[in-house]
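# Report on the structure
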Amino acid sequence: MDAKVKLRVLGLTFSQSQSGAYALLLGEDKGKRRLPVIVGILEAQSIATVLEGLESPRPLTHDLFASFIQSVHCRLDSVLIYRFEGGIFYSKVVFLNGNDPIILDARTSDAVALALRLKAPIYVTASILDVAGVVFDDEPDILDIEETEEETLEELKNRLQRAVDDENYELASRLRDEIKRKE
């Protein structure tokens, strides 16, 4: 049995490799490896809504499914990214109905969107992280939501200046928005 490695959602950015898509960046919980997952615009919007603490005036599809899960007294136990083939990640969502597991196949983007809403852990097999995980030598082109919560305004302003100096305007605009939110 392949060991599981816990991941956390670091953020979203525009995909450099696929036009009209986004890259969801997942990070090893206790390590430096990152797992970039290409997601569509609708899934990116659904994930970003949760990351940014926004509420849609009408439930998005993932909100509806999360409400249904809760209303039938099931619990999302975990998400597992279990296969990587042809550049595509395959995931399973593990629900618990009492003590009975219900395991469903899911697109990784949908599984992550649900995990964020229902506060469930996300795992990947160690072998997939070994093959598809990357370590960035410099600061990635994303805004790490969890990281910014711990940063002071001064630290965020310094990061903003570095992003502008590096002509990384996408990151700079997200940092600017985060600074405004904190102020």
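This text gives an overview of the structure that appears in the document.

Here we take up the nonpolar core. Soluble globular proteins tend to bury their nonpolar side chains together. Judged by nonpolar contacts, the single largest core of 38 residues is most densely connected at Leu24 and Leu35. Element by element, the count of residues in this core is highest for helix 3 (residues 108–118), at seven residues. Apart from residues lying up to four places away in sequence, Leu24 is in contact with Val9, Gly11, Leu12, Leu35, Pro36, Val37, Val39, Ile47 and Val112. One finds Leu156, Leu171, Leu175 and Ile179 within the second-largest nonpolar core, a separate group that totals five residues.

Attention now moves to the environment of Gly133. For Gly133, the location among the structural elements is in the loop between helix 4 (126–132) and helix 5 (145–150). Taking the C-alpha atoms as reference points, Gly133 and Arg34, 99 residues apart in sequence, are found 5.2 Å from one another. What Gly133 contacts, discounting residues up to four positions off in sequence, is Arg34, Leu35 and Ile128.

Direction vectors running N to C along helix 2 (residues 61–71) and helix 3 enclose 55°, while the axes themselves pass 10 Å from each other. When the axes of helix 2 and helix 3 are compared, the pair comes out oblique. Classified by chirality, the crossing of helix 3 by helix 2 is right-handed. Facing helix 2, whose interface residues are His62, Asp63, Phe65, Ala66, Ile69 and Gln70, helix 3 presents Asp110, Ala113, Leu114, Arg117 and Leu118. Residue composition of the contact of helix 2 with helix 3, by class: six nonpolar, two polar and three charged.

Three or more residues of helix 1 (residues 41–51) are buried, namely Glu43, Ala44, Ser46, Ile47, Ala48, Thr49 and Leu51. Taken from the residues just after helix 1, Gly53 is the one with a positive phi, measuring 70°.

Rules used in this analysis
- The numbering scheme is per chain: residues are counted from 1 as the chain's sequence reads.
- Totals for whole chains, interfaces and linings use all residues, but because this is a predicted model, local features are given only for residues with pLDDT of at least 70 and pairs of side-chain atoms are given and counted only at 80 or more.
- Side-chain numbers come from the whole structure's heavy atoms, not from hydrogens or water.
- Note on terminology: a nonpolar core comprises buried Ala, Val, Leu, Ile, Met, Phe, Trp, Tyr and Cys residues joined through side-chain atoms within 4.5 Å.
- Buried, partly exposed and exposed residues are distinguished by accessible area as a fraction of the type maximum, computed with a 1.4 Å probe on protein chains only: under 20%, between the cut-offs, and over 50%, respectively.
- In this text, helices come from DSSP runs of H or I with a minimum length of four residues, and strands from runs of E with a minimum of two, each type numbered from the N-terminal end.
- When checking whether two residues touch, look at their non-hydrogen atoms; a contact exists if any pair is within 4.5 Å.
- To obtain each axis, a line is fitted to C-alpha atoms, and for helices this fit is confined to the stretch in contact; angles are then taken between N-to-C directions over 0 to 180 degrees.
- Working definition: roughly parallel below 35 degrees, roughly antiparallel above 145 degrees, roughly perpendicular at 65 to 115 degrees, and oblique for all remaining angles.
- Rotating anticlockwise by less than a right angle from the far helix to the near helix defines a left-handed crossing, while the corresponding clockwise rotation defines a right-handed one.
- Ten residue types, Ala, Val, Leu, Ile, Met, Phe, Trp, Tyr, Cys and Pro, are classed as nonpolar, four, Asp, Glu, Lys and Arg, as charged, and the remainder, Gly among them, as polar.

Read these as layout, nothing more, since geometry by itself doesn't imply function.
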